[in-house]
Amino acid sequence: MPAPSSPGRKRPTIRDVAREAGVSYATVSRVLNGREWVSPEAVRSVREAISRTGYTANPHARSLATGKSGSIAFLLTEPQHLLFSDPNFSVLLRGVAQALSDRELTLILMIASTPEERARTIAYLSGGHVDGVLLVSPHSGDPLLGQLVQAEVPIVACGRVLGYEQAISSVMADDRNGGRSAVDHLLAAGRTRIATITGPQDTAGGVDRLQGYHDALIAHGLTIDPALIVHGDWSRESGATAMRTLLEHSPDLDAVFAASDAMAAGALRVLREAGRDVPGDVRVVGFDDSGLAATTEPPLTTVRHPLDRVSEEMVRLLTDVIAGRTPLSITVPTTLVVRESSPA
């Protein structure tokens, strides 16, 4: 534990850290800025030297020297209440906060769901107050996307940004294959009247998970029945509403793939109220493997959306884009997690 600084004690510098770690000044700088091309051994030596010397970065000096603010915006384009009610957003925010902290970058949380919030957001981001933006839950057709691109701020989105794939880097789960694995699982259990509750069709996740549903049915020679497809908005309430519609128009359904765990939880409640046994009468599979999935009755079979990995990759990719590298997209694999709502 380093001794506390006294008024007369000289503030430790990067060069002090380099000397203590036995590495070059440039190596310490790369570690502090989260750059690549540093061995794990060097990173460990620098971290230990920082602890021993009591070095702390001077953000004002760093900003003047680099022209960077040292701040990254986490921009949510959904209403504020979803940050707390949708478990995916909180998991993603926590992962991003940790990844930025590891790089000694400051997180700024911004929510832009109303016209007033959006105007303030664009003005703030255009003013050079942040070095980059982590964009969460983008919807195609949203004019905010074009304004962000025009602001020329480095951006990495969680999920492919429909219509801006070439301009905005992204990190996404393999939603299409995840959706297909969910429906393949239901087909392997002998279910043939498989319904789906989709996510919003102006989001890449909503589109791709529905396409995975189509892929599985077509591969098994089954016809796509529009009556078995109802759209939701990711929320539990929309899942319940969609399930009521499905039972009304397709009472012979024997399985449901819901494109989010929250929608699946809403569907489970409606099935229970309707006297349908799960998994006996109707099997249910969700998507996300959020904390909610293990607490439903029965516990939910679901596709794991690896948000911890997604958040790490978003921050890593954003530092690359800030450094001037070409925008690109990263796809992270998904896995099926089997529980009682649709056992093996």
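Details of the structure are given in the entry above.
Residues numbered from 1 in each chain as written. Predicted model: local features only at pLDDT ≥ 70, side-chain atom pairs only at ≥ 80, totals over all residues. Heavy atoms only, no water.

A.B. asks: Looking at this structure, I do not really get the environment of Ala264. What am I missing?
C.D. replies: In this fold, Ala264 is placed in helix α12 (residues 261–273). Each C-alpha atom of the pair Ala264 and Ala119 lies 35 Å from the other, and the pair is 145 residues apart in sequence. Leave out the neighbours within four places in its chain, and Ala264 touches Ala258, Val284, Gly286 and Leu300. (Helix = DSSP H or I, 4+ residues; strand = E, 2+ residues; numbered from the N terminus. Contact = heavy atoms within 4.5 Å.)

A.B. asks: In this structure, what is going on with the pattern of salt bridges? I would like to understand it.
C.D. replies: Close approach of charged atoms allows side chains of opposite charge to pair. With the rule as written, the count across this model stands at 18 salt bridges. Arg209 is the partner of Asp175 in a salt bridge, and the nearest nitrogen-oxygen pair spans 2.8 Å. Here Arg209 lies in helix α10 (residues 204–219) and Asp175 lies in helix α9 (residues 175–188), a separation of 34 residues in the sequence. The exposure class assigned to Asp175 is buried, which follows from its relative accessible area of 7%. (Salt bridge = Lys/Arg side-chain N within 4 Å of Asp/Glu carboxyl O. Buried < 20%, exposed > 50% of the residue type's maximum accessible area, 1.4 Å probe, protein only.)

A.B. asks: Looking at this structure, I do not really get the side chain of Arg103. What am I missing?
C.D. replies: Inspection of the secondary structure assignment puts Arg103 in the loop between α6 (87–102) and β2 (106–111). One buried charged residue, Arg103, remains without a salt bridge, the closest side chain of opposite sign being Asp102 at 5.6 Å. Here Ala99 takes part through its backbone oxygen, which lies 3.2 Å from a polar atom of the side chain of Arg103. (Lys, Arg positive; Asp, Glu negative; His and termini not counted. Polar contact = N/O pair within 3.5 Å; in protein donor to acceptor, adjacent residues only side chain to side chain.)

A.B. asks: Just checking my understanding: could you explain the sheet that holds strand β10 (residues 301–304) for this structure?
C.D. replies: Remark on secondary structure: sheet strands pair via backbone hydrogen bonds, oriented parallel or antiparallel. Within the open sheet, the six strands sit side by side as β7-β6-β8-β9-β10-β12. Their pairing is mixed. Strands at the two margins of the open sheet, each flanked by one partner only, are β7 (229–231) and β12 (335–337). Adjacent strand axes in the sheet meet at a mean angle of 20°, parallel and antiparallel pairs treated alike. Pairing geometry for strand β9 (residues 283–288) and β10, over four bridges, is parallel. From the neighbouring strand, Asp288 faces β10, where its bridge partner is Arg304. In the packing of α10 onto the sheet, contacts are made with β6 (194–198), β7, β8 (255–258) and β9, and the angle to β6 comes to roughly 170°. (Pairing = 2+ DSSP bridges. Axes fitted to C-alpha atoms, helices over the stretch in contact; angles between N-to-C directions.)

A.B. asks: Is there a simple way to explain the packing of aromatic side chains in this structure?
C.D. replies: Each aromatic ring pair is characterised by the separation of its centres together with the angle its planes make. Within this structure, the stated rule accounts for zero aromatic pairs. Stacked on the ring of Phe287, the Lys or Arg Arg209 has its end atom at 3.8 Å from the ring centre. (Phe/Tyr/Trp six-rings, centres within 6.5 Å; stacked < 30°, edge-to-face > 60°. Lys NZ or Arg CZ within 6 Å of the ring centre and 35° of its normal.)

A.B. asks: Explain the pairing of β10 to me, please; I cannot follow it from the model alone.
C.D. replies: For a regular strand, side chains alternate in direction, first toward one face of the sheet and then toward the other. Sheet topology note: the β10/β12 ladder contains three bridges and is antiparallel. By the bridge assignment, Arg304 is partnered in β12 with Thr335.

A.B. asks: Hey, could you run me through the nonpolar core in this one?
C.D. replies: Generally speaking, soluble globular proteins have nonpolar side chains that are buried together. Counting residues in hydrophobic clusters, the biggest one holds 40 residues, and the most contacted among them are Val183, Ile197, Tyr213, Met243, Leu253, Phe257 and Val284. In terms of residue count, the dominant contributor to this core is α12 (six residues). Membership of the second largest hydrophobic core comes to 24 residues, among which are Ile72, Phe74, Leu307 and Val310. (Core = buried A, V, L, I, M, F, W, Y, C linked by side-chain atoms within 4.5 Å.)

A.B. asks: For this particular structure, what's the right way to read the pairing of β8?
C.D. replies: The two faces of β8 match: Ala255 and Phe257 on one face and Val256 and Ala258 on the other face are all buried. In this structure, β6 lies alongside β8, joined through four bridges in parallel fashion. Residue pairing across strands places Ile194 opposite Ala255, the latter belonging to β8. As judged from the three bridges shared by β8 and β9, these two strands associate in the parallel manner. Bridging from a neighbouring strand, Val256 pairs with Val284 of β9. Read from β8 through α12 to β9, the crossover connection turns out right-handed. (Right-handed = clockwise from strand over helix to strand, strands pointing away.)

Keep in mind that these numbers describe shape and distance, not what the molecule does.
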